[in-house]
Amino acid sequence: MKISIIICTYNREQIVTDSILSFYRMSYSHAIEFELIVVDNNSSDNTRDAVQTLTSQHDTLLYFFEPIQGLSQARNLGILEAKGDIVVFVDDDVYFSENWLTDIITAFENPDIDCIGGNIIPVFDSDKPDWLQNPHLDIYGSTNFGDTFRQLDFPDHPFGGNMAFRKQVLDKVGGFDTALGRKKESLLSNEETELFYRIKTHNIPVWFTPGATIYHRIPPERAQKHWIYKRYYWQGISEVACNQMIFPVNKLSLLKNLLHKTGHAFKLARGSHLSPRRIYWHYKNLPLDQAITLHTMMGNIR
């Protein structure tokens, strides 16, 4: 059994370098056959040089360049180039737990296992703000699926920072829809949701293995409220785009839903105030949960 680990990256030369070095610090049996594929998604920094320097030190490290912008596009190139029976996706800003690779291999030694997700734990490069509570860490990929090996029932599914498939599954259901997923600085997402929906329609079980743990780095700028609100705003956009792919509705239904959410968002934003000044201060002082709801709805009605 050969395993292909795919890391897609864009303008993060030092961060992806740290992730690659973390991978090669893991403990694993030399009998494990693997390749680590880095797909450079049209970076304009020194990502190419940084990764290619490391390829000269590790013959299992491969570099590919995808000129068309988009995470889904880059992931699909990784699938195309992968030579392994197992294809694994991890983010470019992670640290690997000591036995991550071994735990992935162990899960797939069961011939009935075709898709798995591993555990993702956010780690903050600076202190986590006191106001940021655990229920909101899902925007950083925190899995919260418990500590036992179990099946995930859609809409629960693994997150893109730590998910693995037998390649034959991706050959059967197809790759990532390029209409979804990050593109440059946009935070469009839900490409994994759309993929796992297709996997569900093929009646392929999906499993969670908690031992295969990855630590997701959170830089200080992503622990600020303005970034979190932006992330939830784009999540609102992503939900509408993905839902129209999975459960399409007619234009009249879309319009009714849009009007309903617009009214709800306006009421939440202004409270009971009429004065522009009071509305502004009401908005600025919304509790985090309400502010997140508001920005998600603003994305829904964009």
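If you're wondering where the values come from, they're calculated on a predicted model, not measured in any experiment. (Residues numbered from 1 in each chain as written. Predicted model: local features only at pLDDT ≥ 70, side-chain atom pairs only at ≥ 80, totals over all residues. Heavy atoms only, no water.)

(A) Region of interest: the packing of helix α7 (residues 225-246) against helix α10 (residues 288-300). In contact at an axis separation of 6 Å, α7 and α10 are set at 40° when each is read in the N-to-C sense. Overall, the two elements α7 and α10 adopt an arrangement that is oblique. Crossing handedness for the pair α7 and α10: right-handed. For the pair α7 and α10, contact is made by Tyr229, Tyr232, Tyr233, Gly236, Ile237, Glu239 and Val240 and by Leu288, Ala291, Ile292, His295, Thr296, Met298, Gly299 and Asn300, respectively. The residue makeup of the contact of α7 with α10, split by class, is nine nonpolar, five polar and one charged. (Axes fitted to C-alpha atoms, helices over the stretch in contact; angles between N-to-C directions. Helix = DSSP H or I, 4+ residues; strand = E, 2+ residues; numbered from the N terminus. Parallel < 35°, antiparallel > 145°, perpendicular 65-115°, else oblique. Left-handed = near helix turned anticlockwise from the far one by under 90°. Contact = heavy atoms within 4.5 Å. Nonpolar A, V, L, I, M, F, W, Y, C, P; charged D, E, K, R; others polar.)

(B) Summary view of the packing of aromatic side chains. Under the definition given, this model contains 15 aromatic pairs. An angle of 55° between the planes, with centres 5.7 Å apart, marks the rings of phenylalanine 154 and tyrosine 197 as tilted. With a gap of 43 residues between them, phenylalanine 154 in the loop between β7 (150-152) and β8 (162-166) and tyrosine 197 in helix α6 (residues 191-201) connect regions that are remote in the sequence. Given the relative accessible area of 22%, phenylalanine 154 is considered partly exposed. Aromatic pair tyrosine 233 and tryptophan 234: ring centres 6.3 Å apart, planes at 80°, arrangement edge-to-face. The ring of phenylalanine 176 carries arginine 75 above its face, with NZ or CZ at 5.0 Å from the centroid. Residue placement shows lysine 225 over the ring face of tryptophan 131; its charged tip is 5.1 Å from the ring centre. (Phe/Tyr/Trp six-rings, centres within 6.5 Å; stacked < 30°, edge-to-face > 60°. Buried < 20%, exposed > 50% of the residue type's maximum accessible area, 1.4 Å probe, protein only. Lys NZ or Arg CZ within 6 Å of the ring centre and 35° of its normal.)

(C) A look at the pairing of strand β1 (residues 2-9). With eight of eight residues buried, β1 lies mostly within the body of the structure. Going residue by residue along β1, you find Lys2, Ser4, Ile6 and Cys8 tucked away on one face and Ile3, Ile5, Ile7 and Thr9 tucked away on the opposite face as well. For the handedness criterion, the β-α-β arrangement of β1, helix α1 (residues 13-24) and strand β2 (residues 33-40) is classed as right-handed. Relative to strand β4 (residues 86-90), β1 runs parallel, the two being bridged by five bridges. Across the sheet, isoleucine 6 pairs through a bridge with phenylalanine 89, a residue of β4. (Right-handed = clockwise from strand over helix to strand, strands pointing away. Pairing = 2+ DSSP bridges.)

(D) Representation of α10. In a regular helix each residue adds 1.5 Å, so 13 residues correspond to 18 Å; α10 covers 18 Å between its end C-alpha atoms and thus fits that length. Those residues of α10 lying buried are Leu288, Ala291, Ile292, Leu294, His295, Thr296, Met297, Gly299 and Asn300. (Expected span 1.5 Å × (residues − 1).)

(E) Focus on unusual backbone geometry. The omega torsion of the bond from phenylalanine 154 to proline 155 falls at 20°, within 30 degrees of zero and hence cis. As for its position among the elements, proline 155 is in the loop between β7 and β8. In this model, asparagine 11 sits at a positive phi of 55°, which is unusual for a non-glycine residue. Residue position: asparagine 11 is located in the loop between β1 and α1.

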